[in-house]
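# What the coordinates show
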Number of protein chains: 2
Amino acid sequence: MSAPPPLSKQTSSVPLHFALLLFPSFQALDVFGPLDALNTLKRQYPSLPLQLSILSPTLSPVSTFPSSTGEHSPAFEQCITPTHTYASPPPAGTIDIIFIPGGLGTRLGPADEEGWKPLVSYLNTFFSTPSAVKNLKGIFTVCTGSFLLGRSQIPSGNGSGGSRGTLDGVHATTNKRGFLRAKEELKNVLWEPKARWIRTDLALPLGEGEVHKVKLWTTSGVSAGTDGVFALIEEEYGADVAEFIANILEYERTTDPKDDPFAVEL
Amino acid sequence: MSAPPPLSKQTSSVPLHFALLLFPSFQALDVFGPLDALNTLKRQYPSLPLQLSILSPTLSPVSTFPSSTGEHSPAFEQCITPTHTYASPPPAGTIDIIFIPGGLGTRLGPADEEGWKPLVSYLNTFFSTPSAVKNLKGIFTVCTGSFLLGRSQIPSGNGSGGSRGTLDGVHATTNKRGFLRAKEELKNVLWEPKARWIRTDLALPLGEGEVHKVKLWTTSGVSAGTDGVFALIEEEYGADVAEFIANILEYERTTDPKDDPFAVEL
């Protein structure tokens, strides 16, 4: 077993505080592929003060597939304990990376109010709070998590006091089975039909014509999130670190973001 | 979006009840790669009464990395809610597949008593209860989960009333970074240094010279569990079903159990 390679940047400049935004009926692997790579980073670099906050509409455990609907009994679900609610989140200005997974719970429908809507409201508040935005380093979405980011609003930044879709005019990708729904619902997003993930910059208005640029990773469906998080680890902590962690997890990475065997033909 | 293909067997003969055996400091992806494939199976086949029990030493949420040790604060952990304790498990004879993940919590050391030991004691009791054994269809281990199975005992079956290691003389694999520890600790297991996973039969003594054969999948480290579960799905529910689920998860399977880029040289 080899020793961990040095980080490519100073500890003071790498992302340390990740905020996972959950909702009922999230897709488990969207969450745990990326998180387990970060769990392993934390274990291998114990002096790095990595921190994870898990936000949810309430403090009750959040299910991958709530059995309370009664539709699919007996239960085949896993429940995760949140650390914060959207009404009582970590202090503005402490979050470095926002992580939004996807899953059936992102769908439009009757469960919206208790489901994904509190998450989108939280994003709207976050994006209109300059002290929160200024500290943010990046946003990472997996699968239909990009729908939720696309439903949130940022200040239009033209002095009108209005707002616009966070992903309007931005290159992004999503689950390929949900691709047509994405194009239909969020028409102003530049959806890419062939991408394991997309890494672009996102300009968040701070007011008075100022913007703060953050890194944006949107990944394709479920398993693509794991390749996406290794791209994040490579960019933020170093290529050797990403390779080291992937070897521990015996994970065969897709390292080319355009290598997408699940691409859709339009 | 295509319709789910038919199962290759009658519902009455496929595994329905999975029991996940947890312990503190389990590896998240060991658990959630396989479970998310099964979650998706459940969602795509809602009439299939798949069921998941999650066993743990207590009913408190089980952490991937208990922050209470104080060693690695701030916290970077995820906590899962169990459904049963080892002292109060699902009724003997209802479990079809036992699923044992790995992780740091499998290590020998001071945390044994509250950690993995209750899991191994549960297995010992299970394997000496013919009504439980008779219903069992298979055992699935990921990563160092095979250490835990290897530490359990089955009746020796020679009428002596004695017992022997469950994996003694059995082909199995494990995490490749833990491979030398495996060979050192469990010398009678036929450890394979090059295997993404191993599928073999395991004969469990029922007493009076009778044995009950179950299917055994042991997989290599962490991510290998996801390839392993697709092998299980292929064998138990059908090759078309496995491909269908993998496509939904946008997962690129390793389908050859001997294709192991992380193999160790001995």
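Per chain, residue numbering runs from 1 following the sequence as it is written. Here chains are named by letter from A upward and ligands by number from 1 upward, in the order in which they appear as written. The model is predicted, so local features are restricted to residues of pLDDT at least 70 and side-chain atom pairs to those at 80 or more, both for listing and for counting; the totals for chains, interfaces and linings are taken over all residues. With hydrogens and water stripped out, all remaining heavy atoms of the structure feed into the side-chain values.

Looking up chain A in an unreviewed UniProt entry gives the name DJ-1/PfpI domain-containing protein, with the organism given as Leucocoprinus leucothites.

### Brief notes about the packing of helix α1 (residues 28-44) of chain A against helix α7 (residues 239-248) of chain A
Residue and element names in this part refer to chain A. Lines are fitted to the C-alpha atoms to define the axes, a helix being fitted only along its stretch in contact, and any angle between axes, read from their N-to-C directions, falls within 0 to 180 degrees. Think of it this way: any DSSP run of H or I at least four residues long counts as a helix, any run of E at least two long counts as a strand, and we number them from the N terminus. Running from amino to carboxyl end, α1 crosses α7 at an angle of 105°, the nearest separation of the two axes being 10 Å. Compared by their axis directions, α1 and α7 come out roughly perpendicular. For the pair formed by α1 and α7, the contact residues are Ala-37, Thr-40, Leu-41 and Gln-44 on the first element and Val-241, Phe-244, Ile-245 and Ile-248 on the second. Taken together, the residues that form the contact of α1 with α7 break down as 6 nonpolar, 2 polar and no charged. Roughly parallel means an angle under 35 degrees; roughly antiparallel, over 145; roughly perpendicular, 65 to 115; everything else is oblique. In what follows, a contact means two residues having at least one pair of non-hydrogen atoms within 4.5 Å. When residue character is reported, Ala, Val, Leu, Ile, Met, Phe, Trp, Tyr, Cys and Pro are called nonpolar, Asp, Glu, Lys and Arg charged, and the others, Gly included, polar.

### Topic: the relation of the copies chain A and chain B
Fitting of the copies onto one another was done by least squares over C-alpha atoms, counting residues only where both copies have pLDDT of at least 70. Taken as rigid bodies, chain A and chain B are interconverted by a rotation of 180° and an axial shift of 0.0 Å, the fit giving an RMSD of 0.0 Å. The operation mapping one copy onto its partner corresponds to a two-fold rotation axis. Every residue of chain A has its C-alpha some distance from the rotation axis, and the shortest such distance is that of Ile-80 of chain A, at 2.4 Å. Interface overlap between copies is the fraction of interface residues in one copy that are interface residues in the other; for chain A against chain B it reaches 100%, indicating a shared surface.

### Section: the pairing of strand β2 (residues 51-56) of chain A
Residue and element names in this part refer to chain A. Using a 1.4 Å probe on the protein chains alone, a residue whose accessible area is under 20% of its type maximum counts as buried, one over 50% counts as exposed, and one in between counts as partly exposed. In terms of residue burial, β2 counts as a mostly covered element, since 5 of its 6 residues are buried. Here 5 bridges tie strand β1 (residues 17-21) to β2, and the two strands are oriented parallel to one another. When the bridges of β2 are listed, Phe-18 appears paired with Leu-52. Crossover handedness for the path β1 to α1 to β2: right-handed. At least two bridges found by DSSP between two strands are what make those strands a pair. Examined bridge by bridge, β2 and strand β5 (residues 84-85) share 2 bridges and lie parallel to one another. Its bridge partner lying in β5, Leu-55 is registered against His-84. The definition of a right-handed crossover adopted here requires that, viewed with the strands pointing away, the path from the first strand over the helix to the second runs clockwise.

### Structural notes on the pattern of salt bridges
Residues and elements named next belong to chain B. Should a side-chain nitrogen of Lys or Arg be within 4 Å of a carboxyl oxygen of Asp or Glu, the pair is scored as a salt bridge. Evaluation of the coordinates by the stated rule reveals 20 salt bridges over all chains. Residue Lys-9 is joined to Glu-236 by a salt bridge in which the shortest nitrogen-to-oxygen separation is 3.3 Å. Of the two residues, Lys-9 is situated in the segment before β1 (17-21) and Glu-236 in helix α6 (residues 224-237); the sequence distance between them amounts to 227 residues. Classification of Lys-9 by relative accessible area gives partly exposed; the value is 28%.

### Re the packing of aromatic side chains
Any two of the Phe, Tyr and Trp rings considered here, Trp counted by its six-membered ring, make a pair once their centres fall within 6.5 Å; the pair's planes then place it as stacked at under 30 degrees, edge-to-face at over 60, or tilted in between. Here the structure, examined in full by the defined rule, presents 15 aromatic pairs over all chains. The interplanar angle of 90° and the centroid separation of 6.0 Å between the aromatic rings of Phe-126 of chain A and Phe-127 of chain A together place this pair among those described as edge-to-face. Neither residue differs from the other here; Phe-126 of chain A and Phe-127 of chain A are each classed as buried. Seen in terms of ring centroids, Phe-147 of chain B and Trp-191 of chain B are 6.2 Å apart; in terms of plane orientation they differ by 40°. Their pairing is tilted. In this pair, Phe-147 of chain B sits in helix α4 (residues 145-151) while Trp-191 of chain B sits in strand β11 (residues 190-191), placing the two residues 44 residues apart along the sequence. Residue Phe-147 of chain B is classed as buried on the basis of its relative accessible area, which comes to 0%. You can call Trp-191 of chain B buried: its relative accessible area is 8%. A connected cluster of aromatic rings, assembled from ring pairs, spans Tyr-86, Tyr-122, Phe-126 and Phe-127 of chain A. Charge-over-ring placement is defined geometrically: NZ (Lys) or CZ (Arg) within 6 Å of the ring centre, and within 35 degrees of the ring normal. Directly above the aromatic system of Phe-65 of chain A lies the positively charged group of Arg-43 of chain B, at a separation of 4.7 Å from the ring centroid. Sitting over the ring of Trp-116 of chain B, Arg-151 of chain B keeps its end group 4.3 Å from the ring centre.

### A word on the sheet that holds β1 of chain A
Residues and elements named next belong to chain A. Pairing in this open sheet of 7 strands is mixed, and the strands run β5-β2-β1-β6-β7-β13-β12 from one edge to the other. Across the chains shown, the open sheet's two edge strands, defined by having one partner strand only, are β5 and β12 (197-207). Where β1 and strand β6 (residues 97-100) come together, 3 bridges link them in parallel fashion. The partner of Ala-19 across the bridge, within β6, is Ile-98. In the packing of α1 onto the sheet, the strands contacted are β1, β2, β6 and β7 (138-141), and the crossing angle to β6 comes to about 145°. Sheet contacts for helix α6 (residues 224-237): β1, β7, β12 and β13 (210-219); angle to β13, the most-contacted strand, approximately 135°.

### A closer look at the sheet that holds β1 of chain B
Each strand in a sheet pairs with another by means of backbone hydrogen bonds, the pair being arranged parallel or else antiparallel. All names here are of chain B. Strand order across the open sheet formed by 7 strands is β5-β2-β1-β6-β7-β13-β12, with mixed pairing between neighbours. Each edge of the sheet is formed by a strand with only one pairing partner; in this case those strands are β5 (84-85) and β12 (197-207). Together, β1, β2 (51-56), β6 (97-100) and β7 (138-141) form the strand contacts of helix α1 (residues 28-44), whose direction differs from that of β6 by roughly 145°. Of the strands in this sheet, β1, β2, β6, β7 and β12 touch helix α2 (residues 117-127), which is tilted by about 160° from β6.

### Things to note about the packing of α1 of chain B against α6 of chain B
All names here are of chain B. One way to put it is that α1 packs onto α6 with a least axis distance of 7 Å and a crossing angle of 35°. Our pair here, α1 against α6, has a crossing hand that is right-handed. Contact residues: Gly-33, Pro-34, Ala-37, Leu-38 and Leu-41 in α1; Gly-225, Thr-226, Val-229, Phe-230, Ile-233 and Tyr-237 in α6. Of the residues contributing to the contact of α1 with α6, the split by class is 8 nonpolar, 3 polar and no charged. Helix crossings are classified by the rotation of the near helix relative to the far one: an anticlockwise turn of less than a right angle makes the crossing left-handed, while a clockwise turn makes it right-handed.

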